[in-house]
Amino acid sequence: MNPVDDLAAVLESTGALVAGVSRWDAPTPCPEWTVRELVNHLVLGHRLFTAVLRGEPGGPLDPRSSDVLGTDPVAAYQDAVAGLLAAFRQPGVLERVYEVPAGTVPGIAAVQLRIVEELVHGWDLARATGQKPNFEDAVVERGIAFSAAKLADLPAERRPFAPPVPVADDAPPLDRLAALLGRSPG
């Protein structure tokens, strides 16, 4: 499977969750972030990666630093997704090396970082809004493998998520990924 196709599928599924939001001020599993701030963070991340992949300076990731959702959060999310996918589909992008918030990575790792970010925050969004996420288990399993390998390489102080929490081995893949990245699926 092409990782950009995986990203497109994950973005589409999260987009459905974003479109299903009825309460933008609801709390999320991300401490101190509302649903709006969580979606704003995703859009900021998509824009940052889009800029970096195009050789431009990236922007902030903190959803409190800038509200890029405006009056139509769903349209802002869709616009950011379109830009991100176009950037990842440029010839040679997966082979180049980029400086992203997680460090210096090849494009193939950058696309995996966006997939995992979208999966775990899609889980957060689903929990916060009472929706059912619709991510393919095979894509989530690839996200677990990527995350487990990368987390082993990072010092504890550079981890972008909370420390892993215990979860049953037979838990659904998305819950296992969420637990690996510090969420409590229970």
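Structural data are supplied above this passage.
What counts, and at which threshold
- Residues numbered from 1 in each chain as written.
- Predicted model: local features only at pLDDT ≥ 70, side-chain atom pairs only at ≥ 80, totals over all residues.
- Heavy atoms only, no water.
- Helix = DSSP H or I, 4+ residues; strand = E, 2+ residues; numbered from the N terminus.
- Contact = heavy atoms within 4.5 Å.
- Phe/Tyr/Trp six-rings, centres within 6.5 Å; stacked < 30°, edge-to-face > 60°.
- Lys NZ or Arg CZ within 6 Å of the ring centre and 35° of its normal.
- Core = buried A, V, L, I, M, F, W, Y, C linked by side-chain atoms within 4.5 Å.
- Buried < 20%, exposed > 50% of the residue type's maximum accessible area, 1.4 Å probe, protein only.
- Expected span 1.5 Å × (residues − 1).
- Polar contact = N/O pair within 3.5 Å; in protein donor to acceptor, adjacent residues only side chain to side chain.
- Salt bridge = Lys/Arg side-chain N within 4 Å of Asp/Glu carboxyl O.
- Axes fitted to C-alpha atoms, helices over the stretch in contact; angles between N-to-C directions.
- Parallel < 35°, antiparallel > 145°, perpendicular 65-115°, else oblique.
- Nonpolar A, V, L, I, M, F, W, Y, C, P; charged D, E, K, R; others polar.
- Left-handed = near helix turned anticlockwise from the far one by under 90°.

Section: the environment of Gly-143
Piece 1. Topologically, Gly-143 is positioned in helix α5 (residues 137-153).
Piece 2. For the pair Gly-143 and Asp-79, spaced 64 residues apart in sequence, the C-alpha to C-alpha distance is 24 Å.
Piece 3. Aside from chain neighbours lying at most four places away, what touches Gly-143 is Val-116 and Leu-177.

A short note on the packing of aromatic side chains
Piece 1. If you walk through the whole model with that rule in mind, you get 0 aromatic pairs.
Piece 2. Positioned above the aromatic ring of Phe-49, the side-chain terminus of Arg-114 is 4.9 Å from the ring centre.

Observations regarding the nonpolar core
Piece 1. Core analysis: the biggest nonpolar cluster contains 59 residues, and Leu-7, Val-39, Tyr-77, Phe-88, Leu-119, Leu-125 and Leu-177 have the highest contact counts within it.
Piece 2. Every element with two or more residues in this core is listed here: α1 (3-19), α2 (35-53), α3 (73-88), β1 (97-100), α4 (107-129), α5 and α6 (173-180).
Piece 3. It is α4 that contributes the most residues to this core, 11 residues altogether.
Piece 4. If we skip the residues at most four places from it in the chain, Tyr-77 touches Leu-11, Thr-14, Gly-15, Val-18, Val-39, Leu-42, Val-43, His-46 and Glu-118.

What about α1?
Piece 1. In a regular helix each residue adds 1.5 Å, so 17 residues correspond to 24 Å; α1 covers 24 Å between its end C-alpha atoms and thus fits that length.
Piece 2. Burial analysis of α1 places 12 of its 17 residues in the buried class, the great majority of the element.
Piece 3. Where α1 begins, one side-chain oxygen reaches toward the backbone nitrogen of Val-4, 2.7 Å away; that side chain belongs to Asn-2.

Quick look at the pattern of salt bridges
Piece 1. Applying the stated criterion to the full structure yields 8 salt bridges.
Piece 2. In this structure, Arg-23 and Asp-25 form a salt bridge, with 3.0 Å as the shortest nitrogen-oxygen distance.
Piece 3. Taking the relative accessible area as the measure of exposure, Arg-23 reaches 48% and is therefore partly exposed.
Piece 4. The residue Glu-32 makes a salt bridge to Arg-64 at a minimum N-O spacing of 3.7 Å. Taken together, the residues Glu-32 in the loop between α1 and α2 and Arg-64 in the loop between α2 and α3 connect sequence positions 32 residues apart.
Piece 5. In this structure Glu-32 comes out as exposed when scored by relative accessible area, which is 66%.
Piece 6. With relative accessibility at 46%, the residue Arg-64 sits in the partly exposed group.

Side note on the packing of α2 against α4
Piece 1. Taken N-terminus to C-terminus, the directions of α2 and α4 make an angle of 170 degrees; their axes are 10 Å apart at the nearest point. Accordingly, the angle class assigned to the pair α2 and α4 is roughly antiparallel. On α4, the residues touching Val-35, Leu-38, Val-39, His-41, Leu-42, Gly-45, His-46 and Phe-49 of α2 are Ala-110, Leu-113, Arg-114, Glu-117, Glu-118, His-121, Asp-124, Leu-125, Ala-128 and Thr-129.
Piece 2. A per-class count over the contact of α2 with α4 returns 9 nonpolar, 5 polar and 4 charged.

Brief notes about the packing of α1 against α4
Piece 1. Two elements in contact, α1 and α4, have axes whose closest approach is 9 Å; the angle formed by their N-to-C orientations is 20 degrees. For the element pair α1 / α4, the angle class is roughly parallel. Like other packed secondary-structure pairs, α1 and α4 cross with a definite hand, here left-handed. Only Ile-108, Val-111, Gln-112, Arg-114, Ile-115, Glu-118, Leu-119, Gly-122, Leu-125 and Ala-126 of α4 make contact with α1, whose side of the interface consists of Pro-3, Val-4, Asp-6, Leu-7, Val-10, Leu-11, Thr-14, Leu-17 and Val-18.
Piece 2. Broken down by class, the residue content of the contact of α1 with α4 amounts to 13 nonpolar, 3 polar and 3 charged.

Concerning the side chain of Asp-175
Piece 1. When you line up the elements, Asp-175 lands in helix α6.
Piece 2. Taking the relative accessible area as the measure of exposure, Asp-175 reaches 17% and is therefore buried.

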